[in-house]
Amino acid sequence: MPRITVDLIRKKAEHNNGILEDLEELSLHQLNLEKIEVISSCCKHLKILYLQNNLLPKIENLRKLKELEYLNLALNNIKKIEGLQSCESLAKLDLTVNFVSLQTFEESILNLRKNLRLKNLFLSGNPCCDFKGYRNFVVASLPWLEKLDGSKITKSERIIARQQLETNRKELRRISGVIPVPEDDSDNGGEAFTAENRVKWYLEDLKEEKEREEAQKKAASMNKPPDPLKEARDKMSKKVVNIPEGTLPKQRNMARVKFSFGEDEEGNVIATIHAPKFLDTSQIEVDIHPKWFQCMIKDRNILLHTPEEVHPDKSKIKRTLHNGHLILTMPKANWNGGKTRKTSKQPKKSGKNNSTKKEREEKLRERENLAVDYKNIVKNNAKAAMKTTAPAVNLGFLSHKHDNSLKQTKRDRNSSLEEGADDDSSDPEEDADVPPLI
């Protein structure tokens, strides 16, 4: 026989794109179902539920549907109305053509006393409808009903039903031979609200949730083809164990963190792993080997080869407080205290050193001879310039005194020019040494 599963509900919820969290209407009719299950755990906001024309013998597992307004259970094998106390929003209940007999009729009606919003009830086609006072008994027991079997309940009918309630109850008990015990006023299928039952209900809900998740995972794995890239990543993220001797594992950085290598003067290899700052140290695991090391950061592996062989047993690990970085200090296995780094001192040769000293002295003398005394040259040039008269230059930044000296030199020059002109106007003297002009 078919069963109600998450996959079945998701298939029937195509109008809501297969989303169950906010599903409001679900139709599971004509599926030959024998049990109500899973619905209340995955469709808590359901408002309309169609379960007609199945083989359901009992109303069960609907206590979490607080928003359910319409429940259709017509054409099933239900013998008693029960398990609906917690459906506080229920407004319409259809139980047409079921098997609610006279023996369970009174108890079934009493089990609906908590459903104060119930306005419309259908019980036609059940054996209990053969009872003569059936309608008056239902109307008097549930005074908030507005319709029964599709017929509106009038005020006069309510008054008559209330007057005949005790008579109809005695007659019903006489015919059925049963004094009913109403279902417990709890939201848990008749079970009392106790500490033990609360633990029991919690475990039941947990089991249902786990079954639903497993079914979803199974359905997802069946629908989706295997992803080789994802499988390879998962494999590389796991901790490396049992490496064959003489081989090195492949390097990886599945944690996607930065890292760096360095050395210090004491012969240590320093590896810095930039772990997340606020990650708890309990989420970090380090494993150091002579030629490689691995660091598990939140179930993600980073495996690196060391530049040189190191001592795993002498290595130190610490974590900085200000940035959360992981610092691995690993001593080198072949380090000899740094002696190989120092250059050996060669014995001095006196003859060679003396010759080089003489050569240096000679070069210094040559440089001194070739050196130019620029300072003295500048001073001598300045003194020579002061002795010779410089041409007058009109510079705006010169002082007033200097300007007057310039004017004086100009007057002297003009006077000398005038004298020269006067000399030119006179006749030239004859010189015996100068040859005559031809």
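Since the structure is predicted, the reported quantities are computational estimates derived from the model, not experimental observations.

**Here we look at the overall build of the protein**
1) Next: Of the regular secondary structure elements, the protein holds 11 helices and 15 strands.
2) Next: Going through the 438 residues of the protein one by one, you find that 32% of them count as buried.
3) Next: Across the protein, contacts joining residues at least 24 apart in sequence account for 49% of those joining residues at least 6 apart.
4) Next: A total accessible area of about 30400 Å² is found for the protein, and carbon and sulfur atoms account for 52% of it.

**Regarding the side chain of Ser237**
1) Next: Structurally, Ser237 can be placed in helix 8 (residues 228-237).
2) Next: With relative accessibility at 5%, the residue Ser237 sits in the buried group.
3) Next: Of note is the side chain of Ser237, whose polar atom sits 3.3 Å from the side chain of Arg300.

**Side note on the pairing of strand 11 (residues 284-288)**
1) Next: Bridge count between strand 11 and strand 12 (residues 292-297): five bridges; the pairing is antiparallel. Bridging from a neighbouring strand, Val286 pairs with Cys295 of strand 12.
2) Next: The antiparallel hairpin formed by strand 11 and strand 12 contains three residues in its connecting segment.

**A short note on the pattern of salt bridges**
Side chains bearing opposite charge may pair, as long as their charged atoms lie close to each other.
1) Next: Evaluation of the coordinates by the stated rule reveals 11 salt bridges.
2) Next: Between Glu37 and Arg3 there is a salt bridge, and its shortest N-O distance comes to 2.8 Å. Remark: Arg3 occurs in the segment before helix 1 (6-12) and Glu37 occurs in the loop between strand 1 (25-27) and helix 2 (39-42); sequence separation between them is 34 residues.
3) Next: Of the residues examined, Glu37 reaches a relative accessible area of 11% and is grouped as buried.
4) Next: When the shortest N-O distance is used, the salt bridge between Lys239 and Glu285 registers 2.6 Å. Here Lys239 is found in the loop between helix 8 and strand 8 (252-253), whereas its partner Glu285 is found in strand 11, with 46 residues between them in sequence.

**Observations concerning a negative patch on the surface**
1) Next: A cluster of acidic residues, Glu21, Asp22, Glu24, Glu25 and Glu69, forms a negative patch on the protein surface.
2) Next: Structurally, the position occupied by Glu25 is in strand 1.

**Section: the packing of helix 3 (residues 102-110) against helix 6 (residues 165-176)**
Geometry of a packed helix pair, given as the angle between the helix axes and the separation of the axes.
1) Next: In the contact formed by helix 3 and helix 6, the axes pass within 8 Å of each other and the chain directions differ by 140 degrees. In terms of orientation, helix 3 and helix 6 fall into the oblique class. Counted together, Leu102, Gln103, Phe105 and Glu106 of helix 3 and Arg169, Leu172, Arg173, Ile175 and Ser176 of helix 6 form the full contact between these two elements.
2) Next: Its residues assigned to classes, the contact of helix 3 with helix 6 comprises four nonpolar, two polar and three charged.

**Some words on the packing of aromatic side chains**
1) Next: For the coordinates displayed, the defined rule picks out five aromatic pairs.
2) Next: With a centroid separation of 5.7 Å and an interplanar angle of 90 degrees, the aromatic rings of Tyr50 and Tyr70 are classed as edge-to-face. Of the two residues, Tyr50 sits in strand 2 (residues 48-50) while Tyr70 sits in strand 3 (residues 70-72), which places them 20 residues apart along the sequence.
3) Next: Counting every residue linked through ring pairs, the aromatic cluster contains Phe105, Tyr134 and Phe137.

**Section: the sheet that holds strand 4 (residues 92-94)**
Strand pairing in a sheet relies on backbone hydrogen bonds. The paired strands run either parallel or antiparallel.
1) Next: Taken in spatial order, the seven strands make up an open sheet running 1-2-3-4-5-6-7, and their pairing is mixed. Every other strand in the sheet has two partners, leaving strand 1 and strand 7 (151-152) as the edge strands with one partner each.

**A word on the sheet that holds strand 15 (residues 326-331)**
1) Next: Strand order across the open sheet formed by four strands is 9-10-15-14, with antiparallel pairing between neighbours. Unpaired on one side and paired on the other, strand 9 (259-263) and strand 14 (316-319) mark the two borders of the sheet. Within this sheet the neighbouring strands show an average axis-to-axis angle of 15 degrees, counted without direction.
2) Next: Note that strand 9 and strand 10 (residues 268-273) share five bridges and pair antiparallel. Within strand 10, the position partnered with Phe261 by the bridge is Ala271.

**Looking at helix 4 (residues 134-141)**
1) Next: Buried residues dominate helix 4, accounting for seven of its eight residues.
2) Next: Every buried residue of helix 4 is accounted for by Tyr134, Asn136, Phe137, Val138, Val139, Ala140 and Ser141.
3) Next: Looking at the buried residues of helix 4, the elements they touch are helix 3, strand 5 (120-122), strand 6 (147-148), helix 5 (155-163) and helix 6.

**Digging into the confidence of the model for the protein**
1) Next: When pLDDT is averaged across the protein, the result is 80; 77% of the residues are at 70 or more.
2) Next: pLDDT under 50 marks residues 185-189. Its contacts with residues more than four places away, or in other chains, come to 11 contacts.
3) Next: Across residues 392-402 the pLDDT falls below 50, and counting only partners more than four positions away or on other chains, this stretch makes six contacts in the model.

**Structural notes on the packing of helix 3 against helix 4**
1) Next: Remark: helix 3 packs on helix 4, axes separated minimally by 10 Å, with the N-to-C direction vectors making an angle of 25 degrees. Comparing their axes, helix 4 and helix 3 come out roughly parallel. Handedness of the crossing formed by helix 3 with helix 4: right-handed. Residues Phe105, Glu106 and Ile109 of helix 3 lie in contact with helix 4, whose contacting residues are Tyr134, Phe137, Val138 and Ser141.

**Digging into unusual backbone geometry**
1) Next: One non-glycine residue with positive phi stands out, namely Val38, at about 70 degrees.
2) Next: For Val38, the location among the structural elements is in the loop between strand 1 and helix 2.
3) Next: Positive phi, normally seen in glycine, also occurs at Asp149, with a value near 55 degrees.
4) Next: Mapped onto the elements of the fold, Asp149 is located in the loop between strand 6 and strand 7.
5) Next: The class for Asp149 is partly exposed, based on a relative accessible area of 23%.

Calculation notes
- Residues numbered from 1 in each chain as written.
- Predicted model: local features only at pLDDT ≥ 70, side-chain atom pairs only at ≥ 80, totals over all residues.
- Heavy atoms only, no water.
- Helix = DSSP H or I, 4+ residues; strand = E, 2+ residues; numbered from the N terminus.
- Buried < 20%, exposed > 50% of the residue type's maximum accessible area, 1.4 Å probe, protein only.
- Contact = heavy atoms within 4.5 Å.
- Areas by Shrake-Rupley, 256 points an atom, 1.4 Å probe, with all protein chains shown as cover.
- Polar contact = N/O pair within 3.5 Å; in protein donor to acceptor, adjacent residues only side chain to side chain.
- Pairing = 2+ DSSP bridges.
- Salt bridge = Lys/Arg side-chain N within 4 Å of Asp/Glu carboxyl O.
- Patch = residues over 30% accessible without salt bridge, like charges linked within 9 Å, V, L, I, M, F, W, Y side chains within 5 Å.
- Lys, Arg positive; Asp, Glu negative; His and termini not counted.
- Charge placed at Lys NZ, Arg CZ, Asp CG, Glu CD.
- Axes fitted to C-alpha atoms, helices over the stretch in contact; angles between N-to-C directions.
- Parallel < 35°, antiparallel > 145°, perpendicular 65-115°, else oblique.
- Nonpolar A, V, L, I, M, F, W, Y, C, P; charged D, E, K, R; others polar.
- Phe/Tyr/Trp six-rings, centres within 6.5 Å; stacked < 30°, edge-to-face > 60°.
- pLDDT = per-residue confidence, 0-100.
- Left-handed = near helix turned anticlockwise from the far one by under 90°.

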